[in-house]
Amino acid sequence: MEYQFDRHYIGGNWVAPHSNAVLDVENPFLVEACGSAPFGDEHDVDLAVRAASTAFESWQHSSIAQRQQVLRMMHEVLVANVEELAQLWALEVGTPITTARQATSFLPVKVLEDLITILDEFSFSSTLGTTRVDRVAVGPVAAITPWNYPISQLLIKCASAIAAGCTVVAKPSEIAPLCAFRLVQLFDKQGLPPGLINLVGGDGPKVGDAMVKHPGIRFVSFTGSTNTGRSIAAAAGERLVRTCLELGGKSASIVLDEQILGTAIAGTVGSCSRNTGQTCTALTRLVVPANLLDMACELAVSHFANLVIGDPRDESTVIGPLVSAKQRERALEIIESGERQGAEKIFSAKVPTTGHFVSPTVFRNVEPTMRIARDEIFAPVLSILSAPESELVDLANDSDYGLAASVWGTDTAQALSVADQIDAGTITVNGGAFNPAAPYGGLKQSGLGRELGRFGLEEFLEYKTFHGGVR
Ligand code: NAD
């Protein structure tokens, strides 16, 4: 095993966990250990928060040039190590290598480039008559991330916080912590100033919870499940600490007419199967007019049948294993509930018997009350729902979540008008390109606050008003 980490990264030093505990990380394809990471407790969190607080004393006053210098170093490190990091991601999560490589080389790299430019233009101070309004760093922040996109999630939080003048205590998912430890190790080798990023390994109930409740933490940036987000918001609320919560989704893909059906189904299946269905914005509910249902089902099945299933290291693989046996069991249980509740399973593929594979699955005759229409399954499972044209918007909005949606229509004006009526934070019209400078986040049970670009930077800032403060 090449990736053995037995120390947290605190104040620029590699520090043994208080309990000396180490956690084995499993390769979900081979179902064997592929590395290890330290397993911390509240003592380790306390050390890390103290280091972040000490660094914050000076970093909050750092110049734009100093912040840009750190972001440039992070950018160089990332670009130089895309292949190694993508391979490590495929190893510990089971993400198909082409997805891991694309997601490592695009979003996090672009985020760093954008932040460097934004800092040139961003106004940290403005005037209103004789009043000065400053935007100041909120303080040391907790960054808690899930396992599905382990590089971008950690990087977006750390880079935005550093650009704002904050320092970070980060905790990756205990299920796939290796990418985070390797990335921070690479930053450390290139001279990351001590205390800017502190990385503690461990689980949610012990380490994550201790981070959220630590009095030195002034803001919590969290990506993960809605249930965890809810308990983090409650704990942060006790201390009146703000949170940014990027949570789950059950996103709808709404098709308006026959002419665009082919493009729409290709785009929907691509999204639903990305990272083996383990993507928060995955389009997992296909919503079509009743008269197009048969055609939509046929097209969806033919696209699903073409998905290459297998070894995540293989360049042609689109569907790998799920990340863990637990995720697999949960997904299988929800798929079974679909059949029990009367949906028709119209596609199920044969999958390898070793590794945590779940068969890519398509359901039709799905009712909005069924679990397969309501729960985030986090596996490549598409639920096809239909309604008369006039009821498509209501059907799409019949969800507890509001993270993302796609609208497809040959008449762009009509598609935009439908998009206006969809309750989601991020809506894609006719496959429009993802813009990483735009705010990203969800409505309803999909979260609070926004990440990315200027909007993500602003989450880490507070206003300070000085009446009579114009110099
Ligand atoms: P999770 O909620 O189980 O865990 C996420 C992180 O929270 C982990 O680091 C975990 O250790 C920590 N945690 C757990 N309990 C905690 C507690 N009580 N206090 C503090 N920290 C705690 O989520 P997961 O299974 O790792 O990730 C999958 C979920 O993440 C899915 O629901 C997915 O939709 C969501 N997600 C959302 C986005 C988004 O941008 N909206 C992006 C990716 C993933």
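Residues numbered from 1 in each chain as written. Predicted model: local features only at pLDDT ≥ 70, side-chain atom pairs only at ≥ 80, totals over all residues. Heavy atoms only, no water.

A.B. asks: Quick question: what am I supposed to make of the domain arrangement of the chain here?
C.D. replies: Often, the extent of an interface is quoted as the loss of accessible area on bringing the components together. Domain assignment breaks the chain into domain 1 (3–247 + 446–467) and domain 2 (251–435). Computed over C-alpha atoms, the centres of domain 1 and domain 2 are 30 Å apart. Contacts between the two partners involve 28 residues from domain 1 and, on the opposite side, 30 residues from domain 2. Together domain 1 and domain 2 conceal approximately 2300 Å² of surface at their shared face, both sides included; 57% is due to carbon and sulfur atoms. By the criterion of area lost to domain 2, the three top residues of domain 1 are Phe29, Trp147 and Ser446, representing 26% of everything that side buries. Taken together, the connections running from domain 1 to domain 2 amount to one salt bridge. Arginine 101 serves as the salt-bridge partner of glutamate 315, at 2.9 Å between the closest nitrogen and oxygen. (Domains from an automatic or database assignment. Contact = heavy atoms within 4.5 Å. Buried area = accessible area lost by both parts, 1.4 Å probe. Salt bridge = Lys/Arg side-chain N within 4 Å of Asp/Glu carboxyl O.)

A.B. asks: Would you explain the site of the ligand in this entry?
C.D. replies: Residues in close proximity to the ligand total 29 residues, the closest being Thr145, Glu174, Ser225, Leu247 and Glu376. Contact distances for the ligand include 2.7 Å between an oxygen atom and a side-chain N or O atom of serine 225. Separating an oxygen atom of the ligand from a side-chain N or O atom of glutamate 376 is a distance of 2.5 Å. Calculation on the ligand without its partners gives an accessible area of 850 Å², and the protein chains cover 88% of this total. Looking at the shell around the ligand, the elements that each hand over two or more residues are α8 (204–213), β11 (219–223) and α9 (226–238). Residue composition of the shell around the ligand, by class: 11 nonpolar, 12 polar and six charged. When residues are assigned to domains, the shell around the ligand turns out to be shared by domain 1 (3–247 + 446–467) and domain 2 (251–435), each giving three or more. (Near = heavy atom within 4 Å. Polar contact = N/O pair within 3.5 Å; in protein donor to acceptor, adjacent residues only side chain to side chain. Areas by Shrake-Rupley, 256 points an atom, 1.4 Å probe, with all protein chains shown as cover. Helix = DSSP H or I, 4+ residues; strand = E, 2+ residues; numbered from the N terminus. Nonpolar A, V, L, I, M, F, W, Y, C, P; charged D, E, K, R; others polar.)

A.B. asks: Honestly, the nonpolar core in this entry has me stumped. Any pointers?
C.D. replies: Looking at soluble globular proteins, one finds that nonpolar side chains tend to be buried together. Among the nonpolar cores identified, the biggest contains 76 residues, and Leu71, Met74 and Phe187 are the most heavily contacted of them. Ranked by residues supplied to this core, first place goes to helix α6 (residues 150–164) with 10 residues. Counting contributing residues per domain, this core is built from domain 1 (3–247 + 446–467) and domain 2 (251–435), each supplying no fewer than three. Leaving out residues up to four positions away in the same chain, phenylalanine 187 has contacts with Met73, Met74, Val77, Leu155, Leu192 and Ile197. If you look at the next biggest cluster of nonpolar residues, it comprises 31 residues, including Leu322, Ile335, Leu385 and Ile422. (Core = buried A, V, L, I, M, F, W, Y, C linked by side-chain atoms within 4.5 Å. Buried < 20%, exposed > 50% of the residue type's maximum accessible area, 1.4 Å probe, protein only.)

A.B. asks: Before we go on, may I ask you to explain the side chain of histidine 356 in this structure?
C.D. replies: As for its position among the elements, histidine 356 is in the loop between β15 (344–348) and β16 (361–364). Owing to a relative accessible area of 7%, histidine 356 belongs among the buried residues under this scheme. Excluding residues that lie within four positions of it along the chain, histidine 356 makes contacts with Glu26, Pro28, Val31, Pro321, Leu322, Val323, Ser324, Ala325 and Arg328.

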